[in-house]
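Observations on the model geometry
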Amino acid sequence: MSACVPTRKDHSSRSSHPSRASGFKRPHSPPPPRRGGLRISGADLSASITVFLIAVPMSLGLAVAMDAPLAAGLVSAAIGGIVAGLLGGTPLQVSGPSAGLTVVTAELIQIYGWRTTCAITIGAGLLQILLGSLRAARSALAVSPAIVHGTLAGIGVAIALAQLHIVFGEVPQSSALDNVLSLPSHLAHFEPAGPLIGALTISILVVWPRLPGHVGASLRRLPAALAAVGIATAVAAAAAPGITRVDLPSWHSHALPELPKGPVAALATAVFTVMLVASLESLLAAVSVDKLAADRSAAAPKDGAAPHAPVKRSDLDRELRAQGVANAVSGLAGGLPVSGGAVRSSANVRAGATSRASTVLHGVWVLLAAVLLVRALEWIPLAALAALVMVVGIQMVSFAHIRKVHRHREFLVYGATISGVILAGVLKGVTIGIVVAVAVALHRLAHTRITVTEQDGRYLVAARGQLTFLAVPRLSRMLGKLPQGVDAVVELDGFFMDHAAYETIQDWYAAQTALGGRIEFTGRSGGRIAEPASAAHSCCRPWTPWRNHHCHDRVQDTTPTTAAPASHVISKASPSAPGGSSDPRHGAHRLLSGLSSFQRTTAPLVREELARLATEGQRPSQLFLTCADSRLVTSMITASGPGDLFTVRNVGNLVPPPGTGDAAINDDSVAAAIEYAVDVLEVESITICGHSGCGAMQALLGAAPETPRTPLWRWLRHGLPSLERMRSRHHSWARIAGRLPTDAVEQLCLTNVVQQLEHLRGHESVARRLAAGTLQLHGMYFHVGEAQAYLLTEGASSGTGPDEVFARVAPGAAWGAEQGIEALHPTPGTTVGA
């Protein structure tokens with residue numbers, strides 16, 4: 001069996017997988033693809049109406065913000081819902097007019113006109129299709145989050161400033177800076193109706209999700225955007241009949257694209273900018289939708305409702321291609337650029353949508369509204385839509401993102417990007433952000449602080465930062481200041497070291513140690529950096545993350561594998577080792593770390609096998625009875641996995657004989673496990689495994705007659721027959737690989753295995769199966785220090801021979817069901833087999 005891939009050695013009928021023809025379906029296998037078109041559930045229908053009620057006012061508002069035909073906002077919302085919904089790789093994502101492209105589109109309309117802007121949208125869509133076909137979607141997410149969030153925040157600020165002018169009844173300027181400079185003149189004289197309606201809209205948007213009580217809970221089912229625009233429209237109709245309202249032109253005059261006119265380089269830049277912003281916005285929204293859907297599936301259902309089924313994770317390349325098709329179709333139909341929207345998508349998830357049917361239906365409702373509700377939509381005040389979009393722009397400046405980039409020391413990149421977008425435009429702002437991010441990365445890579453301090457004749461060399469060739473001159477100069485043959489501690493605080501820095505430290509270390517110096521390498525926490533893991537750990541079984549298993553802790557260890565001389569620097573010492581941490585909380589941290597590591601690395605490998613075992617039940621072939629010693633890892637030494645062993649562990653691997661007379665020392669737990677394994681599980685063999693250095697055997701050897709009858713001693717009394725057997729002249733001493741045991745403890749450990757096998761034969765269920773020839777007993781001894789297993793020869797374990805000989809198990813040894821032990825290496829004079 002492979003040492004790296006969890007497989008089962010047993011290919012018998014009871015462990016084989018059911019055939020496809022049997023109709024068996026694994027519990028965690030994905031459901032078969034549905035056929036027969038779109039399935040519409042009640043939850044999807046309800047969610048589609050909720051999203052539709054949000055999408056209509058937002059689409060109109062974004063069209064107003066871009067100074068585009070208002071019908072274009074409805075066209076792009078319908079196409080985004082239907083086309084991207086049907087073809088997209090994120091079933092619950094809702095696409096529509098792109099808020100992130102508000103400033104870009106407004107600038108393109110002002111420079112090239114509406115019809116050329118539609119052609120640019122088509123070009124951006126075709127470019128998205130190409131990139132999605134090249135599977136470049138994941139690469140787009142490689143852009144620093146500080147740049148992405150800074151770009152969206154800058155766009156949000158620009159949107160809010162532009163919409164503020166519309167609220168005051170003025171026309172916004174071409175740039176955010178011009179909007180700021182012209183704002184004082186608008187504040188000096190304005191009609192109060194627009195600002196009052198805008199303030200009312202914003203107030204309702206803020207208050208609506210926080211309405212208290214049962215009445216508030218009922219009202220909150222209506223989307224805040226629809227409630228704000230609806231109430232503002234009603235108030236404006238009654239109090240300000242002359243306010244500027246939505247003017248939807250006739251569909252007969254709807255403008256379609258034309259061949260682009262203008263400089264080729266400028267048009268190509270425009271196409272690239274639209275593609276970049278729309279793609280980033282869509283992909284980031286898709287990732288957010290995955291998180292929301294996962295959180296919803298993990299949350300407990302409310303009021304006895306059925307739990308939400310898990311939603312398949314996004315296929316980002318498919319999503320990018322779908323966004324490209326939607327943009328191409330939207331441009332052809334005279335619509336705005338399309339992207340996935342976080343606001344609409346999160347509303348869709350929270351409304352209970354389960355499939356892409358909700359997204360598609362929302363697009364159908366928008367299309368019907370564009371045709372049938374034109375008169376009703378024309379009552380909406382422009383100030384209400386502008387206020388709605390202004391709030392959307394402000395929400396794009398996320399304080400959670402600001403705190404996150406500040407915590408990761410990326411605020412300089414974020415600030416440069418948002419400033420560049422506001423002052424110079426989206427594409428130039430992104431370029432500025434990338435330049436600053438590269439400069440910050442180079443500065444961090446090149447900036448290394450090296451200090452040398454002395455205390456009581458012992459030196460501390462502290463290196464803060466990454467050790468590259470740029471730091472070698474300073475590193476060599478600081479190390480050269482230390483006396484020859486010095487005692488020093490080198491504290492490395494960094495996660496990267498190149499070859500030049502490594503050789504510098506290696507040469508200095510060799511020179512100092514040759515002159516009698518003692519050099520110790522540590523991390524910043526002070527923990528000593530220990531010996532490297534052996535090559536044997538380079539490939540590890542996923543279900544054996546034992547204590548010093550280097551593969552288990554490698555992800556969490558930030559110390560570089562080449563951070564110092566090879567014999568000293570690889571991985572941090574165990575906390576329980578000398579000099580390690582004694583913090584009592586470390587045990588809980590190690591447990592949590594181990595559980596997290598299992599969920600990350602092992603669970604995906606064994607989930608299918610465990611799901612099968614959960615369905616079929618356990619059917620192990622062996623009962624393995626061994627000591628509770630923590631150094632004895634049964635799955636490791638037997639190369640077994642889930643479902644292979646039925647394991648019983650106790651202090652001293654003892655089997656109380658049946659019918660113990662003294663009720664005070666009687667213990668039925670082991671007997672119950674034996675009976676269950678033999679009669680219910682019908683195991684084929686039972687192995688009793690002892691080990692070297694057993695504390696229980698040491699306690700038996702050192703026990704005095706007046707030893708108090710504690711629970712531990714009452715249990716260890718089951719091992720007294722083993723002690724008597726060892727001291728008896730009627731039994732030969734056990735031997736291990738042809739030699740006598742090294743000391744009395746090893747002798748008692750070996751004898752105890754033989755004695756407990758005799759106790760085991762006395763159990764009724766075991767005796768019955770042995771008589772029927774359907775059960776085998778085996779004795780085993782594991783030498784911990786040698787990592788070597790020894791098996792009791794067949795004659796002794798079956799009670800047919802006088803010798804008690806444990807033979808060494810060699811690599812490649814095979815276990816035969818009827819032929820006993822094969823490929824063992826006994827010495828001359830040792831009898832192996834029956």
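Right, let's walk through the structure included here. (Residues numbered from 1 in each chain as written. Predicted model: local features only at pLDDT ≥ 70, side-chain atom pairs only at ≥ 80, totals over all residues. Heavy atoms only, no water.)

As for the overall build of the protein chain
As a reminder of what qualifies: Numbering of helices and strands starts at the N terminus; helices are DSSP runs of H or I of at least 4 residues and strands are runs of E of at least 2. All accessibility values rest on the Shrake-Rupley procedure with a 1.4 Å probe; residue burial counts only the protein chains present in the view.
When its secondary structure is counted, the protein chain shows 31 helices and 15 strands. Accessible area of the protein chain: about 41,000 Å², with a carbon and sulfur share of 61%.

Examining the sheet that holds strand 9 (residues 685-691)
Strand pairing in a sheet takes place through backbone hydrogen bonds and is either antiparallel or parallel in direction. Cut-off, in case you're wondering: Note on pairing: two strands pair once DSSP finds at least 2 bridges between them. Only heavy atoms matter for contacts: two residues are in contact if any of them lie within 4.5 Å across the pair. For helices, the fitted axis covers only the stretch in contact; all axes are lines through C-alpha atoms, and the angles between them, taken along N-to-C directions, range from 0 to 180 degrees.
Spatially, 8-7-9-11-12-13-10 is the arrangement adopted by the seven strands of the open sheet, whose pairing is mixed. Only two strands of the sheet have a single partner each, and these edge strands are strand 8 (645-650) and strand 10 (735-736). Direction of pairing for strand 7 (residues 622-627) relative to strand 9: parallel, over a ladder of five bridges. Residue pairing for strand 9: Thr 626 is matched across the bridge by Cys 689. Strand contacts of helix 25 (residues 669-680): strand 7, strand 8 and strand 9, with the helix running at about 170 degrees to strand 8, the strand carrying the most contacts. In the packing of helix 29 (residues 744-761) onto the sheet, contacts are made with strand 9, strand 10, strand 11 (776-783), strand 12 (788-792) and strand 13 (805-808), and the angle to strand 11 comes to roughly 165 degrees.

What to know about the sheet that holds strand 5 (residues 487-493)
Spatial strand order, 3-4-5-6: four strands in an open sheet with mixed pairing. Edge strands, defined here as strands with exactly one partner in the open sheet, are strand 3 (449-455) and strand 6 (518-522). Between one strand axis and the next, the sheet turns through 15 degrees on average, direction left out of account. Judged from the six bridges that link them, strand 4 (residues 458-464) and strand 5 form a sheet pairing that is parallel. Of the residues in strand 5, the one forming a bridge with Ala 463 is Leu 492. Across the sheet, helix 20 (residues 472-480) lies against strand 3 and strand 4, angled at about 10 degrees from strand 3, the strand it touches most. Packing of helix 21 (residues 499-514) onto the sheet brings it into contact with strand 5 and strand 6, and relative to strand 6 it is tilted by some 145 degrees.

Digging into the pairing of strand 12
What counts here: When a residue's accessible area, from a 1.4 Å probe over protein chains only, is under 20% of the maximum for its type it is buried; when over 50% it is exposed; and in between it is partly exposed.
The buried count for strand 12 comes to five of five residues, which makes it a mostly enclosed element. Every second residue of strand 12 is oriented toward a common face, with Gln 788, Tyr 790 and Leu 792 on one face and Ala 789 and Leu 791 on the other, all of them buried. Taken together, the four bridges between strand 11 and strand 12 define a ladder with antiparallel strand orientation. Bridge pairing in strand 12 places His 783 opposite Gln 788.

Some remarks on the packing of helix 3 (residues 102-112) against helix 4 (residues 114-133)
Threshold: Here the angle decides the label: under 35 degrees means roughly parallel, over 145 means roughly antiparallel, 65 to 115 means roughly perpendicular, and every other value means oblique. Definitions for this section: a left-handed crossing has its near helix turned counterclockwise from the far helix by less than a right angle. A right-handed crossing has that turn clockwise. Three categories are distinguished: nonpolar for Ala, Val, Leu, Ile, Met, Phe, Trp, Tyr, Cys and Pro, charged for Asp, Glu, Lys and Arg, and polar for the others, with Gly belonging to the last.
Running from N to C, helix 3 and helix 4 cross one another at 130 degrees; their axes reach a closest spacing of 7 Å. In terms of orientation, helix 3 and helix 4 fall into the oblique class. Both helix 3 and helix 4 take part in a crossing whose hand is right-handed. Contacts between helix 3 and helix 4 pair Thr 105, Leu 108, Ile 109 and Tyr 112 from the former with Trp 114, Thr 116, Thr 117 and Ile 120 from the latter. Residue composition of the contact of helix 3 with helix 4, by class: five nonpolar, three polar and no charged.

Details of unusual backbone geometry
A positive phi angle, close to 60 degrees, is found at Asp 67, a residue other than glycine. As for its position among the elements, Asp 67 is in the loop between helix 1 (42-66) and helix 2 (70-87). Residue class for Asp 67 comes out exposed when judged on its relative accessible area of 63%. For Arg 409, which is not glycine, the phi dihedral falls at a positive 60 degrees. Locating Arg 409 in the fold gives a position in the loop between helix 17 (399-407) and helix 18 (411-424).

Notes on the packing of aromatic side chains
Convention followed: The pairing test for Phe, Tyr and Trp rings, Trp by its six-membered ring, is centres within 6.5 Å, and the orientation test on the planes gives stacked under 30 degrees, edge-to-face over 60, and tilted for anything in between.
Counted by the stated rule, this structure contains five aromatic pairs. Taking the centre distance of 5.9 Å and the plane angle of 40 degrees together, the rings of Phe 646 and Tyr 676 count as tilted. Of this pair, Phe 646 sits in strand 8 while Tyr 676 sits in helix 25; the two residues are 30 residues apart in sequence, bridging distant segments of the chain. Looking at Phe 646, the relative accessible area reads 16%, which means it is buried. You can call Tyr 676 partly exposed: its relative accessible area is 36%. Joined through ring pairs, the aromatic side chains of Tyr 781, Tyr 790 and Phe 806 make up one cluster.

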